[in-house]
Amino acid sequence: MFKLNLKIALRNLKRNFVISMINIGGLSIALAAFILIVLYVNYETSYDKHNPNYENIYIVGRDLKDFKTNFTPPPLAEIIEQNCPEVALVGKMTPSNLEFPLISDAGRIYIKNTMVMNFNAAKIFDLHPQGGLKQPQGEIERLYYLNEASMRTLFPNKKDSMPELVLMGGKTLGLTAPIQGKIVPNPHSNLQFDGVAIGNNLGVAEGFGFPNYYTYIQVKPGTDIKALEAKIDRLMKAGMIKEKIDMGSLKNERVFLDPLANLHLKPQAGNDTNYKVVMALFILSMLIVVIACINFTNLTIAQANKRAKEVGIKKVLGSYRQLLTMQFITEILIQCVLSMLLALMLAELFMPTFNNLFEVPLSLAAGAEELYWMLPLILLIVTFIAGVYPALILSGFKPALVLKGNFEAGLQTSWIRKGLLVVQFSIAVIFIAGILIVNRQVEYLHTEDTGFEANQVLVIKNQMMYNKPEVFATFRDKVMKINGVKSATVANVVPGGEQTGSNGYTVEGREALLDFIDVDYDYFETLGIKLKSGRTFSKEFKSDTLNAAIINETAAAKYGLLDPVGKTIRGCNIDYKIIGVIKDFKSQGFEAAVQPTIYAMKNPCGNPRLSIMLKVDAAQMSAVLAALKAQWSGINRLDGEDFRYDFLDDLYGRLFKKQEQLKAVFFTASMLTVFIAVLGLFAFAKIMTSNRRKEIAVRKVLGASDFQVLKLLNSSFLWMLLIANVLAWPLVYLLARTWLDTFAYRVELSVVPFALAGVISLLLAVITVSLQATKAVQANPAAVLKHE
Amino acid sequence: MIRIENLEKVYKTEEIETTALNGINLQVKEGEFVSIMGPSGCGKSTLLNVMGLLDKPESGSYKFMDTELLKLNDRERSNFRKANMGFVFQNFNLIDELTVFENIELPLIYNKVPAATRKAMVNEIIQRMNIVNRSGHFPQQLSGGQQQRVAVARALVTKPKLVLADEPTGNLDSSHGNEVMELLCELNEQGTTIVMVTHSSHDAGFSNRIINLKDGHVISEKINKGITEELI
Ligand SMILES: Nc1ncnc2c1ncn2[C@@H]1O[C@H](COP(=O)(O)OP(=O)(O)OP(=O)(O)O)[C@@H](O)[C@H]1O
Ligand SMILES: [Mg+2]
């Protein structure tokens, strides 16, 4: 029995080769996309899952009302350790972003991202440095480990695991440190670093006023997290009161515990955009599979005419409905299995491209555990969705009816098929309109005025802290001698996503939290930032280096100041005089709104000024770079021996990388969806016209022109398409609104993408259907009728 | 063998109701060859479909060797059908994707005949039907007469007690038609009961008895060739 049914199935596949290929091919493409995205989603949502204590690890964060941060003061760790028996381990660590060279006899590296952590933090994160995790001695000792690449550069011939000495900073500094060995950060962990320094205790000298540390806790299983959160909150406040810190803002502050599982995609101190992107992708992939299933269902039913006779005869010969249902479901299952195998091959084929795009190390083999149970499940679900309905239709044919000879299987099921087609068209329209809208927004990001000029600005990496204008003045004098350098300045951050700190500032009795940026002369000139009122920092006013401040429009608005120039703003124990107001500029990209910001040359509460920026004449850029390189050790003697730089527009461009990535994915997924939908339409039109061959022939014999017949064949599809468009538009509007709302600066939604999507979908449909219809129309009616 | 009483069948469509069978009473004895004749649309095919359990009547009784068939459910009907009945259609109704051999083999598979026996049975009937050299062909590669012979072979291979034939010669020229009729007669002589619908009095002449239908009634019965048995 099975053998004969298989033969029938295979011979049917062969006879309707194109349709079968579209069916199986479309489904495999969709499944391949699905497999890739499931692997990706799984990867993104399982950061640190390899950690044996994954479920019990939390970061302690602070909710400061205006924003949330994971930075906590260092004494908090000890206090938790002493007062919370339900916490098994308390770790603290601080990232050291100071970039400095390490030098050995064999080579030199610049180490940037060093994690300084205590022993327990290393234990919480399950770190396994070379030679095993060792407890440092006493309070002072730090155990240094470097990543593999650095170790290879510094000690290319190292075989043993003995510590090695390196020079730290410039050669002239004469500082040395022992390197214990290598450490490999798990790329699938939230904790990333180029090197690690492990000590017993950190920040001993720093009290509650120095929130510079991450505090991680590992609780004992079964701990009540809410209660622990409240307890730590009380401990924190008690500690701050004891040190008499910032009483004003205390009542607004609250401690929260954020589980390790959240940190990668949706940290409380941060945003959940990444999480949304990942979930959107997942939904996208499901939609693609749904479209492919609709195709499958529709094509199978549309071909029912050809199978009706078989069903009738089998019933006459003694088969019955359940048996036939099983037969058709088996047949569809086999096609799905084939699609799945093809899909796995496709997924493997496109894996490298996908990994490149998303910067992930996915592989079918590594993801096998999940796929092991997922793929059969998907297979069954797809078979069920795509197979059960057609199987029921096919097996339900009445033999007395179908064996009469002129049976039209389509008649009873046409509204369902039409409904499915409409759904499919709608999804396609959503994607077409989506592409258009995403494109416009990304375009906007590239062309819209950012409020400053990143072009021809060099950002020089440097270890020398230029916190004092008089020290930077000598540097400036030297570089300004180079032909082509227009201006030079230094600041604690460059526009391009780097976060600066924030502090409370008071104007006329109103306190507000402002971002502070510590600058030098010519900061606004170098970046081309426009002044709204007042003036910028100037050497003519001696007091500018002491107590002058410039605020941006948003800050002025925050205080409700109409004419801020000349007013006093107090913060960090200094009474600043506002000398100017600048126009807002988008230093954090388009996603974030401009923060209220204060710029000052003196800021005791600020951060080291390390980022040197030079505005260079475009025509002389290469000459300037060559000169800087040649003269660097003379210009900046205390710095390392290397001249290293970035272009500001490159740095700023990285802010849009995620959007670019999203665009690429969305674009690919959309094209796939539209492609599969068109493929389905193509096959559907092919079947429909072949089913109507006799009708077309008769109409032509009776005198219909080719055009009339083409119009007839197209019109039913065009109606469905119109309905699909009308259904899709509101959905597109909602989705686009939601996505655009994640940008502080965005394009306005116009009717253009909607209308365009309608026109494109209409064109696609007419071309697809006409391709098929023309063939049927051109057939010789006499031949067709004789054949019938 | 067959006793049909007061059979009624009504087709309901959106616009009208058609009474296709309107109180049919009819008996068929074992070993008989009965022809059913009548004008187009009088309900011949409907009657045959009901007798073949392919269609359900609204009311009446249909006894086959004292079993009431109208009370059976779907599964029992198909079981009964495959064990006792064979069909021949005007438009042959062979499965296009199966070869001649496979088409004939299909009912045996449904009757769960073991593979080895199956092969022997199919080969035997292929020989009898004179289509040996065609057994690997697909239906499209055969002439109409050859296709109908395959259809007859498929109806006979399970050795059914009753063969139902709906205009078996309707699509054939007279010489091919005669071949098929001779086959049916031969079969009848070996003891198979046959009920055949036909428009051709020539074909009806091969049978023992002719039943005339009009508007869903039996209007007359005629015994053929002087067969003497008493029939009601
Ligand atoms: N599926 C159906 N739906 C509605 N009416 C039907 C259906 N099948 C048959 N009929 C009607 O039932 C009546 C009997 O049809 P049937 O096919 O039994 O006629 P017939 O005697 O076989 O005619 P012919 O000699 O032309 O084959 C006809 O009036 C026909 O219109
Ligand atoms: Mg008929």
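What you see is a predicted model; the values in this text were computed from it and never measured. (Residues numbered from 1 in each chain as written. Chains lettered and ligands numbered in written order. Predicted model: local features only at pLDDT ≥ 70, side-chain atom pairs only at ≥ 80, totals over all residues. Heavy atoms only, no water.)

## A word on the overall build of chain B
- Scanning chain B from N- to C-terminus turns up seven helices and ten strands.
- Reported as C-alpha extents along the three principal axes, the dimensions of chain B are approximately 45 × 40 × 40 Å.
- Taking all 232 residues of chain B together, the buried fraction comes to 55%.
- Once local pairs closer than 6 in sequence are excluded, the contacts in chain B between residues at least 24 apart make up 68%.
- On chain B, roughly 10,300 Å² of surface is accessible, and the fraction owed to carbon and sulfur atoms is 46%.
- For chain B, the distance from the average site of its 25 positive side-chain charges to the average site of its 30 negative ones is 5 Å. (Helix = DSSP H or I, 4+ residues; strand = E, 2+ residues; numbered from the N terminus. Buried < 20%, exposed > 50% of the residue type's maximum accessible area, 1.4 Å probe, protein only. Contact = heavy atoms within 4.5 Å. Areas by Shrake-Rupley, 256 points an atom, 1.4 Å probe, with all protein chains shown as cover. Lys, Arg positive; Asp, Glu negative; His and termini not counted. Charge placed at Lys NZ, Arg CZ, Asp CG, Glu CD.)

## Observations regarding the pairing of strand β4 (residues 59-64) of chain B
All names here are of chain B.
- The pairing of strand β1 (residues 2-12) with β4 spans five bridges and is classified as antiparallel. The partner of I4 across the bridge, within β4, is Y62.
- For β4 and strand β5 (residues 67-68), the ladder comprises two bridges, and the chain directions are antiparallel. Bridge pairing links F64 to T67 in β5.
- Here β4 hands over to β5 after two residues, with M65 in that stretch at a positive phi of 45°. (Pairing = 2+ DSSP bridges.)

## Things to note about the packing of aromatic side chains
All names here are of chain A.
- Taken as a whole and assessed by the stated rule, the structure comprises 21 aromatic pairs over all chains.
- Considering the side-chain rings of Y466 and F475, the 5.4 Å spacing of their centres and the 50° angle between planes classify their relative orientation as tilted. Here Y466 and F475 have matching classes, each one buried.
- If you follow K266 out to its NZ or CZ, it ends over the ring of Y275, 4.3 Å from the centre. (Phe/Tyr/Trp six-rings, centres within 6.5 Å; stacked < 30°, edge-to-face > 60°. Lys NZ or Arg CZ within 6 Å of the ring centre and 35° of its normal.)

## Considering the site of ligand 1
- As a structural note, the neighbourhood of ligand 1 is formed by 15 residues, with B:S40, B:G41, B:K44, B:S45 and B:T46 the closest of them.
- Close to ligand 1, residues of chains A and B are found.
- Within the backbone of B:G43, an N or O atom sits 3.0 Å from an oxygen atom of ligand 1.
- Between ligand 1 and B:T46 there is a distance of 2.5 Å, counted from an oxygen atom to a side-chain nitrogen or oxygen.
- For ligand 1, whose free accessible area comes to 630 Å², the fraction covered by protein is 71%.
- Secondary-structure elements contributing two or more residues to the shell around ligand 1 are β2 (17-28) and α1 (44-51) of chain B.
- Looking at the shell around ligand 1 element by element, the count peaks at three residues for α1(B). (Near = heavy atom within 4 Å. Polar contact = N/O pair within 3.5 Å; in protein donor to acceptor, adjacent residues only side chain to side chain.)

## Some thoughts on the interface of chain B and chain A
- On the chain A side, the residues contacting the 25 residues of chain B number 24 residues.
- Counting the surface lost from both chain B and chain A, the interface buries some 2,300 Å², and carbon and sulfur atoms represent 62% of this.
- Remark: the boundary between chain B and chain A carries four salt bridges.
- Close ionic contact of A:R11 with B:E102 constitutes a salt bridge, the shortest N to O distance being 2.8 Å.
- Contributions of two or more residues to the side of chain B that touches chain A are made by α2 (74-84) and α3 (100-110) of chain B.
- Here the side of chain B that touches chain A takes six residues from α3(B), the largest share from any one element.
- The class makeup of the residues in the side of chain B that touches chain A is eleven nonpolar, five polar and nine charged. (Buried area = accessible area lost by both parts, 1.4 Å probe. Salt bridge = Lys/Arg side-chain N within 4 Å of Asp/Glu carboxyl O. Nonpolar A, V, L, I, M, F, W, Y, C, P; charged D, E, K, R; others polar.)

## Looking at unusual backbone geometry
Residue and element names in this part refer to chain B.
- The phi torsion at M65 lies on the positive side, around 45°, for a residue other than glycine.
- As for its placement among the helices and strands, M65 is situated in the loop between β4 and β5.
- Here M65 falls in the partly exposed class, since its relative accessible area comes to 39%.
- One non-glycine residue with positive phi stands out, namely E167, at about 45°.
- Looking at the element boundaries, E167 is found in the loop between β7 (162-166) and α6 (174-189).
- Given a relative accessible area of 17%, E167 falls into the buried group.

## A word on the sheet that holds β1(B)
- Read from one edge to the other, the open sheet built from four strands follows the order β2-β1-β4-β5 (chain B), with strand pairing classed as antiparallel. The open sheet has two free edges, formed respectively by β2 and β5 of chain B, since each of these has just one partner strand.

## Thoughts on the packing of helix α3 (residues 75-83) of chain A against helix α6 (residues 225-242) of chain A
Residue and element names in this part refer to chain A.
- Interaxial distance between α3 and α6 falls to 10 Å at its minimum, and their mutual angle equals 125°. By the angle between their directions, the pair α3 and α6 is classed as oblique. Read as a crossing pair, α3 and α6 show a hand that is right-handed. On the side of α3, the interface is formed by L76, I79, I80 and N83, while α6 contributes K231, I232, L235 and M236.
- Class assignment of the residues belonging to the contact of α3 with α6 gives a composition of six nonpolar, one polar and one charged. (Axes fitted to C-alpha atoms, helices over the stretch in contact; angles between N-to-C directions. Parallel < 35°, antiparallel > 145°, perpendicular 65-115°, else oblique. Left-handed = near helix turned anticlockwise from the far one by under 90°.)

## Here's the deal with the UniProt feature "transmembrane region" (unreviewed entry) in chain A
Residue and element names in this part refer to chain A.
- In this numbering, the UniProt entry assigns the feature "transmembrane region" (unreviewed entry) to residues 21-43, 277-302, 323-351, 371-394, 415-438, 664-685, 717-736 and 751-771.
- Helix makes up 100% of residues 277-302 and strand 0%, with an end-to-end C-alpha separation of 37 Å.
- As a span, residues 323-351 carries 100% helix and 0% strand, and end to end its C-alpha atoms are 41 Å apart. (UniProt positions renumbered as here; feature names shortened; annotations may be inferred.)

## Digging into the side chain of A:T526
Residues and elements named next belong to chain A.
- Its place among the elements puts T526 in helix α16 (residues 523-527).
- Side-chain polar atoms of T526 contact the side chain of S487, separated by 2.9 Å.
- With near-sequence residues (within four places) excluded, T526 lies in contact with E453, V457, S487, A488, T489, M613, L614 and K615.

## Points about the sheet that holds strand β24 (residues 644-647) of chain A
Residue and element names in this part refer to chain A.
- Across the sheet, four strands lie side by side as β15-β23-β14-β24; this open sheet has antiparallel pairing. Of all the strands in the sheet, the pair left with one neighbour each is β15 (485-491) and β24. Adjacent strand axes in the sheet meet at a mean angle of 25°, parallel and antiparallel pairs treated alike.
- Pairing between strand β14 (residues 457-461) and β24: four bridges, direction antiparallel. By the bridge assignment for β24, L458 is matched with F647.
- Sitting on the sheet, helix α15 (residues 469-480) is in contact with β15 and β23 (611-616), with an inclination near 155° to β15.
- Of the strands in this sheet, β14, β15, β23 and β24 are in contact with helix α19 (residues 621-635), which crosses β14 at around 20°.

## A few points about the UniProt feature "domain: ABC3 transporter permease C-terminal" (unreviewed entry) in chain A
- Taking the numbering used here, the UniProt-annotated feature "domain: ABC3 transporter permease C-terminal" (unreviewed entry) corresponds to residues 283-396 and 668-781 of chain A.
- Helix and strand shares over residues 668-781 of chain A are 84% and 0% respectively, and the end C-alpha atoms of the span are 43 Å apart.

## What about the side chain of A:T536?
Residues and elements named next belong to chain A.
- As for its position among the elements, T536 is in the loop between β18 (531-534) and α17 (544-547).
- Given a relative accessible area of 16%, T536 falls into the buried group.
- A polar side-chain atom of T536 sits 2.8 Å from a polar atom in the side chain of E525.
- Excluding anything up to four places from it in sequence, T536 contacts F524, E525, L531, D544, I550 and I579.

## Comments concerning the domain arrangement of chain A
- Taken as a whole, chain A is organised into domain 1 (2-43 + 273-446 + 657-785), domain 2 (54-262) and domain 3 (457-655).
- Each of domain 2 of chain A and domain 3 of chain A was reduced to a C-alpha centroid, and the two centroids are 30 Å apart. (Domains from an automatic or database assignment.)

## Examining the pattern of salt bridges
- All told, the structure shown has 31 salt bridges over all chains when counted by the stated rule.
- In this structure, B:E102 engages A:K7 in a salt bridge whose closest nitrogen and oxygen atoms are separated by 2.5 Å. With B:E102 in helix α3 and A:K7 in helix α1 (residues 2-15), the pair connects residues from two separate chains.
- The class of B:E102 is buried, set by a relative accessible area of 6%.

## Thoughts on α3(A)
- Considered for burial, the residues of α3(A) that qualify are A:P75, A:L76, A:A77, A:I79 and A:I80.
- Buried residues belonging to α3(A) abut β1 (57-63), β3 (71-72), β4 (87-96), β12 (213-219) and α6 of chain A.

## So, a nonpolar patch on the surface
- On the surface, a nonpolar cluster with roughly 730 Å² of combined accessible area is contributed by A:Y372, A:W373, A:L377, A:I381, A:F384 and A:I385.
- Tracing the backbone through its elements, the reader meets A:W373 in helix α12 (residues 368-395). (Patch = residues over 30% accessible without salt bridge, like charges linked within 9 Å, V, L, I, M, F, W, Y side chains within 5 Å.)

## Focus on the nonpolar core
Residues and elements named next belong to chain A.
- In terms of nonpolar packing, the biggest core is built from 99 residues, with I35, Y523, F537, Y599 and L648 touching the most fellow members.
- Element by element, the count of residues in this core is highest for helix α2 (residues 17-44), at 14 residues.
- Counting contributing residues per domain, this core is built from domain 1 (2-43 + 273-446 + 657-785) and domain 3 (457-655), each supplying no fewer than three.
- Ignoring sequence-local partners within four residues, the contact set of L648 consists of F452, A454, V457, V459, V494, P495 and L527. (Core = buried A, V, L, I, M, F, W, Y, C linked by side-chain atoms within 4.5 Å.)

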